[in-house]
Amino acid sequence: FINLTAIPEGLNQFYLENMKRIIAEGASDEFRINCFRFMSFICAAQEPLPQTMVQNIMGEDAFRRVKGKLSLLFPSGAGERINIVHKCFIDWLLRSIDDEDENKSGIVDYFVSKKDLRVAHRDLFVMCQKSFDCVTTE
């Protein structure tokens, strides 16, 4: 039988080569960590996130450096939202999400781990909560 959930042939290598090019081995640890924070936010979201939301969480300087490097895979869309090049890229980033080792880091092998995803959900929740705290109900 054909595995309908498998990533199309050739895309694994395409994504891996692009990640190696974008997040080169010589990149600073801080830059690599910020790239994976950014990708974790995108993976955690159920829809394209506003750039300002991610920028507010990461800080303007870190956001601009990461967004500039990752723009091929995460282009800006309508309404200044962060889009993805293709849905299967998120599937590729989450390919190890079912691993038993929750503390496994994807920074070396280019994947978003359970721990990364959990932290991203928390950070997004905190940002949403701050936004809603500003809204008064009268």
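Quantities reported herein were computed from a predicted structural model and do not represent experimental measurements.

Re the pattern of salt bridges
Tallied over the full model, the rule gives six salt bridges. Arginine 37 is the partner of aspartate 123 in a salt bridge, and the nearest nitrogen-oxygen pair spans 3.7 Å. Placement of aspartate 123 in helix α6 (residues 114-133) and of arginine 37 in helix α2 (residues 29-44) is noted, with a sequence separation of 86 residues between them. Residue aspartate 123 is classed as buried on the basis of its relative accessible area, which comes to 14%. Residue arginine 122 pairs with aspartate 123 through a salt bridge whose shortest N-O separation is 2.9 Å.

Describing the packing of aromatic side chains
Enumeration over the complete set of coordinates arrives at eight aromatic pairs. An angle of 55° between the planes, with centres 4.8 Å apart, marks the rings of tyrosine 15 and phenylalanine 89 as tilted. Of this pair, tyrosine 15 sits in helix α1 (residues 11-22) while phenylalanine 89 sits in helix α5 (residues 87-93), and the two are 74 residues apart along the sequence. Of the residues examined, tyrosine 15 reaches a relative accessible area of 2% and is grouped as buried. Where tyrosine 15 meets tryptophan 92, the ring centres are 5.7 Å apart and the plane angle is 50°; that geometry is what we call tilted. Taken together, the positions of tyrosine 15 in helix α1 and tryptophan 92 in helix α5 put the pair 77 residues apart, joining distant regions of the chain. Summarising the burial analysis for this pair, tyrosine 15 and tryptophan 92 share the class buried.

Description of the nonpolar core
The biggest cluster of nonpolar side chains holds 40 residues, and the ones touching the most others in it are Met19, Phe38, Met39, Phe74 and Leu93. Tallying contributions element by element places α2 first for this core, with nine residues. Among residues more than four places away in sequence, those in contact with methionine 19 are Phe36, Met39, Leu73, Phe89, Trp92 and Tyr110.

Examining the packing of α2 against helix α4 (residues 60-70)
Contact pair α2 / α4: the axes reach a minimum separation of 10 Å and the direction vectors enclose 75°. Classified by the interaxial angle, the pair formed by α2 and α4 is roughly perpendicular. Within the contact between the two elements, α2 uses Glu30, Phe31, Asn34, Cys35, Phe38 and Met39 and α4 uses Ala62, Phe63, Arg65, Val66, Lys67, Lys69 and Leu70. Split by residue class, the contact of α2 with α4 holds eight nonpolar, one polar and four charged.

What counts and what doesn't
- Residues numbered from 1 in each chain as written.
- Predicted model: local features only at pLDDT ≥ 70, side-chain atom pairs only at ≥ 80, totals over all residues.
- Heavy atoms only, no water.
- Salt bridge = Lys/Arg side-chain N within 4 Å of Asp/Glu carboxyl O.
- Helix = DSSP H or I, 4+ residues; strand = E, 2+ residues; numbered from the N terminus.
- Buried < 20%, exposed > 50% of the residue type's maximum accessible area, 1.4 Å probe, protein only.
- Phe/Tyr/Trp six-rings, centres within 6.5 Å; stacked < 30°, edge-to-face > 60°.
- Core = buried A, V, L, I, M, F, W, Y, C linked by side-chain atoms within 4.5 Å.
- Contact = heavy atoms within 4.5 Å.
- Axes fitted to C-alpha atoms, helices over the stretch in contact; angles between N-to-C directions.
- Parallel < 35°, antiparallel > 145°, perpendicular 65-115°, else oblique.
- Nonpolar A, V, L, I, M, F, W, Y, C, P; charged D, E, K, R; others polar.

Nothing here speaks to function; it is geometry throughout.
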